[in-house]
Amino acid sequence: MQSSWLCFFIITFLTVTHGQFEGKDVRSIASGTSFGMCAGYCQQSINVTSDPLQVVASKRPNFDQESYPPVQRPFPIPTSQWEQLVSSLNLKTFLALDNTIGCPDCADGGAEWIQVDWLDGTKHVTFDYGRTVDGIEDLIKKLRQMREEYVSQL
Ligand SMILES: *[C@@H]1O[C@H](CO)[C@@H](O)[C@H](O)[C@H]1NC(C)=O
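Now for a quick tour of the structure. Since this is a predicted model, take the numbers as computed values, not measurements. (Residues numbered from 1 in each chain as written. Predicted model: local features only at pLDDT ≥ 70, side-chain atom pairs only at ≥ 80, totals over all residues. Heavy atoms only, no water.)

1. Side note on the layout of surface pockets
Estimates place the volume of the largest pocket at around 180 Å³. What lines the largest pocket is simply T33, F35, Q44, E112, Y129, R144, R147, E148, V151 and S152. Among the elements that make up the lining of the largest pocket, the one with the highest residue count is helix α4 (residues 137-151) (4 residues). Class assignment of the residues belonging to the lining of the largest pocket gives a composition of 3 nonpolar, 3 polar and 4 charged. (1 Å grid on protein atoms, 1.4 Å probe; cavity = no way out; pocket = protein on both sides within 12 Å on 5 of 7 lines; lining within 4 Å. Points joined across faces, edges and corners; volume = space filled by probe spheres on them. Helix = DSSP H or I, 4+ residues; strand = E, 2+ residues; numbered from the N terminus. Nonpolar A, V, L, I, M, F, W, Y, C, P; charged D, E, K, R; others polar.)

2. Details of the nonpolar core
Formed by 28 residues in total, the largest nonpolar core has its most connected members in I29, I46, F94, I114, V116 and L139. Counting only elements with at least two residues in this core, the list comes to β1 (26-34), β2 (43-50), β3 (53-60), α2 (79-87), α3 (91-96), β6 (111-118), β7 (121-128) and α4. No other element matches α4, which puts 6 residues into this core. Filtering out sequence-adjacent residues up to four positions away, I46 remains in contact with I29, A30, S31, V55, V56, A57, L143, M146, R147, Y150 and V151. (Core = buried A, V, L, I, M, F, W, Y, C linked by side-chain atoms within 4.5 Å. Buried < 20%, exposed > 50% of the residue type's maximum accessible area, 1.4 Å probe, protein only. Contact = heavy atoms within 4.5 Å.)

3. Considering the side chain of S58
Locating S58 in the fold gives a position in strand β3. Non-local contacts of S58, meaning those with residues more than four positions away in its chain, are made with Q43, Q44, S45, V71, Q72, V151 and L154.

4. With respect to the pairing of β6
The buried count for β6 comes to 6 of 8 residues, which makes it a mostly enclosed element. As judged from the 8 bridges shared by β1 and β6, these two strands associate in the antiparallel manner. Within β6, the residue paired with A30 across the bridge is Q115. Strand direction decides the pairing type here: β6 and β7, joined by 8 bridges, are antiparallel. Residue pairing for β7: I114 is matched across the bridge by V125. Taking the residues between adjacent antiparallel strands as the criterion, β6 and β7 are bridged by 2 residues. (Pairing = 2+ DSSP bridges.)

5. Comments concerning the site of the ligand
By nearness alone, every residue bordering the ligand is listed as S28, A30, N47, T49, W113, Q115 and D117. N47 places a side-chain nitrogen or oxygen 2.4 Å from an oxygen atom of the ligand. Relative to its unbound accessible surface of 360 Å², the ligand loses 48% to contact with the protein. For the shell around the ligand, the secondary-structure elements that each account for two or more residues are β1, β2 and β6. Of the residues forming the shell around the ligand, the biggest block, 3 residues, is contributed by β6. A per-class count over the shell around the ligand returns 2 nonpolar, 4 polar and 1 charged. (Near = heavy atom within 4 Å. Polar contact = N/O pair within 3.5 Å; in protein donor to acceptor, adjacent residues only side chain to side chain. Areas by Shrake-Rupley, 256 points an atom, 1.4 Å probe, with all protein chains shown as cover.)

What follows is the structure, encoded as structure tokens:
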């Protein structure tokens, strides 16, 4: 009786501590930019998901403007693009980051953000536009390339 409980706790512990860092548990990786003091399409983002395997690109203004209606469109992506993105994400490093790094958009310099949703959690990190963040350089680079690739097609 006692040992089966012990076993139960050990398995639960391993599942909780180990499971949430598995790349396969990542459901979506999203990233975007925003500029506060700005007219036109001041917010751009992509949201990459594995199910369905796609990237949703979007751009929107900060406030209603007739000539800048919000635009959002899904694009199918190859499995390899998802796998490359996930493999550039070190979830443990990402989870250890502060939610806000630096002073995003403080001096109208813009903000950049990354949000990762996995099986049982979500984390959103915002940093100064154009900067890089220690430990997730590769992820930032890949997301910038994908934003460029897909938002430009909107
Ligand atoms: C990206 O899409 C997933 C699945 O629809 C959703 O759970 C997640 O919240 C989205 N991320 C953002 C930043 O909107």
